[in-house]
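# Structural description and commentary
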Amino acid sequence: PAAVFAEAGLLNPRISAQYGDAEFTTRLRKRGWRLIIEPRARVFCQPNAEHIPVTTQPLRKQIELLFRKRSSGINIMHQFRQSIYTAPNKISGLAGFISFYVRVFMRKLSGCRNNNQQLETSLTEVFAETVKND
């Protein structure tokens, strides 16, 4: 309803579009709005284009993507803002941000350099059975 936007405002422009709904719905819950979820709804989109892993890029390019280029999806400040503004609260967001980079660092220390080796099951695999069974 229009009252939602009148009270809560528009999506946060500091958050990228793919995380905007997470921040917006969290903000609505904090304001007391009741959120309803349709569990049978399915949304399908074209997968992201295959990307070149940052670690295979030259050091200068890595620094640019991680620290200088604000529009980069892997920019550290971009990731930090997304973690803070899309979490239920800022402490949870900070904890999630820190734990993510601790896991990245631990993976580096363990020598997991093969890009095809996954430490966790992909979301596609996790939810594929659910979608097929519905």
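Please refer to the structure higher up on the page.
Described below are features of the structure shown in this document. Everything quoted here is computed from the prediction, not taken from an experiment. (Residues numbered from 1 in each chain as written. Predicted model: local features only at pLDDT ≥ 70, side-chain atom pairs only at ≥ 80, totals over all residues. Heavy atoms only, no water.)

Counting its secondary structure elements, the protein contains 6 helices and 0 strands. When the helices and strands of the protein are listed from N to C terminus, the series reads α-α-α-α-α-α. In the protein, buried positions account for 19% of the 134 residues. Within the protein, counting contacts between residues at least 6 apart in sequence, those at least 24 apart form 41% of the total. Counting only carbon and sulfur atoms, one obtains 59% of the accessible surface of the protein, whose full area is about 11100 Å². (Helix = DSSP H or I, 4+ residues; strand = E, 2+ residues; numbered from the N terminus. Buried < 20%, exposed > 50% of the residue type's maximum accessible area, 1.4 Å probe, protein only. Contact = heavy atoms within 4.5 Å. Areas by Shrake-Rupley, 256 points an atom, 1.4 Å probe, with all protein chains shown as cover.)

A few words on the pattern of salt bridges. Here the structure, examined in full by the defined rule, presents 3 salt bridges. Arg31 is the salt-bridge partner of Glu7, the closest N and O atoms lying 3.9 Å from each other. Residue Glu7 is located in helix 1 (residues 2–8), and its partner Arg31 is located in the loop between helix 2 (17–30) and helix 3 (59–68); the two are separated by 24 residues in the primary sequence. The class for Glu7 is partly exposed, based on a relative accessible area of 37%. A salt bridge links Glu38 to Arg40; its shortest N-O distance comes to 2.9 Å. The exposure class assigned to Arg40 is exposed, which follows from its relative accessible area of 68%. (Salt bridge = Lys/Arg side-chain N within 4 Å of Asp/Glu carboxyl O.)

Here we take up the environment of Arg68. Within the secondary structure, Arg68 is located in helix 3. Beyond its immediate stretch of four places on either side in the chain, Arg68 contacts Ile63 and Asn75.

Here we take up helix 5 (residues 90–110). Between the first and last C-alpha of helix 5 there are 30 Å, a value that for 21 residues agrees with the 30 Å anticipated at 1.5 Å per step. Capping the start of helix 5, Asn89 holds a side-chain oxygen 3.2 Å from the backbone nitrogen of Ile91, two or three residues further along. The first or second residue beyond helix 5 is Gly111, which carries a positive phi of 85°. (Expected span 1.5 Å × (residues − 1). Polar contact = N/O pair within 3.5 Å; in protein donor to acceptor, adjacent residues only side chain to side chain.)

Our focus in this paragraph is the packing of aromatic side chains. If you walk through the whole model with that rule in mind, you get 4 aromatic pairs. Taken together, a centroid distance of 5.4 Å and an interplanar angle of 15° make the contact between Phe5 and Phe24 stacked. In this pair, Phe5 is assigned in helix 1 and Phe24 in helix 2, connecting sequence segments 19 residues apart. Residue classification places Phe5 among the partly exposed positions, given a relative accessible area of 43%. (Phe/Tyr/Trp six-rings, centres within 6.5 Å; stacked < 30°, edge-to-face > 60°.)

Relative placement of two packed helices is described by the angle separating their axes and the distance separating the axes. Viewed as axis vectors pointing N to C, helix 4 (residues 76–86) and helix 5 meet at an angle of 140°, and their least axial separation amounts to 7 Å. Judged by the inter-axis angle, helix 4 sits oblique to helix 5. Classified by chirality, the crossing of helix 5 by helix 4 is right-handed. Here Ile76, Gln79, Phe80, Ser83 and Ile84 of helix 4 lie close against helix 5, whose contacting residues are Lys90, Gly93, Leu94, Phe97 and Tyr101. (Axes fitted to C-alpha atoms, helices over the stretch in contact; angles between N-to-C directions. Parallel < 35°, antiparallel > 145°, perpendicular 65-115°, else oblique. Left-handed = near helix turned anticlockwise from the far one by under 90°.)

This is a description of form; function is not addressed.
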